[in-house]
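Reading the structure
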Amino acid sequence: IGHLDKVSVDIRQAENLFDILDYDESGSLDAAEFVEGVMTARGEAESKDLLAVQCDLWKSEQRIQRKIASFGEEVQSQFGGGLHRTLQDFLFELRHALREGSSSES
């Protein structure tokens, strides 16, 4: 706990910071994720808010991609291969657009 104070991170917000940094929603952070996140979150609330927004966007993108993949599997099981190929092309383009959109937000 003292280490957070040394890098100017409010100890009272440590749990909230963990939730923000756990962008893959695994329930854990490796050392690199934690250090990178804490170092980014130092300073004024503006940098912490920006980090929270970036992580929320990433979480949202991951959820959307999981839903798209699930939808693709359902379509394949219902309609077979021909439509599946078209859907795969669409999903590739959508994922590419999502990545471009999230990188332009940075």
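Here the structure is a predicted model, which means the values were calculated and not measured.

Scoring rules and cut-offs
- Residues numbered from 1 in each chain as written.
- Predicted model: local features only at pLDDT ≥ 70, side-chain atom pairs only at ≥ 80, totals over all residues.
- Heavy atoms only, no water.
- Helix = DSSP H or I, 4+ residues; strand = E, 2+ residues; numbered from the N terminus.
- Buried < 20%, exposed > 50% of the residue type's maximum accessible area, 1.4 Å probe, protein only.
- Contact = heavy atoms within 4.5 Å.
- Areas by Shrake-Rupley, 256 points an atom, 1.4 Å probe, with all protein chains shown as cover.
- Core = buried A, V, L, I, M, F, W, Y, C linked by side-chain atoms within 4.5 Å.
- Patch = residues over 30% accessible without salt bridge, like charges linked within 9 Å, V, L, I, M, F, W, Y side chains within 5 Å.
- Salt bridge = Lys/Arg side-chain N within 4 Å of Asp/Glu carboxyl O.

**Considerations on the overall build of the protein**
When helices and strands are tallied, the protein shows five helices and zero strands. N-terminal to C-terminal, the α/β element order of the protein is α-α-α-α-α. Looking at the 106 residues of the protein, the share that counts as buried comes to 22%. Sequence separation of at least 24 residues holds for 54% of the intrachain contacts in the protein that already meet a minimum separation of 6. For the protein, the accessible surface area stands at approximately 7600 Å², while carbon and sulfur atoms represent 54% of it.

**Focus on the nonpolar core**
Within the largest apolar cluster, eight residues are counted, these being Leu17, Ile20, Leu21, Leu29, Val38, Leu51, Ala52 and Cys55. Going through the elements one at a time, helix H2 (14–21) and helix H4 (45–79) are the ones with two or more residues in this core.

**What about a nonpolar patch on the surface?**
Together, Phe34, Val35 and Met39 make up an exposed nonpolar region whose accessible area comes to about 260 Å². Note on placement: phenylalanine 34 falls in helix H3 (residues 31–41).

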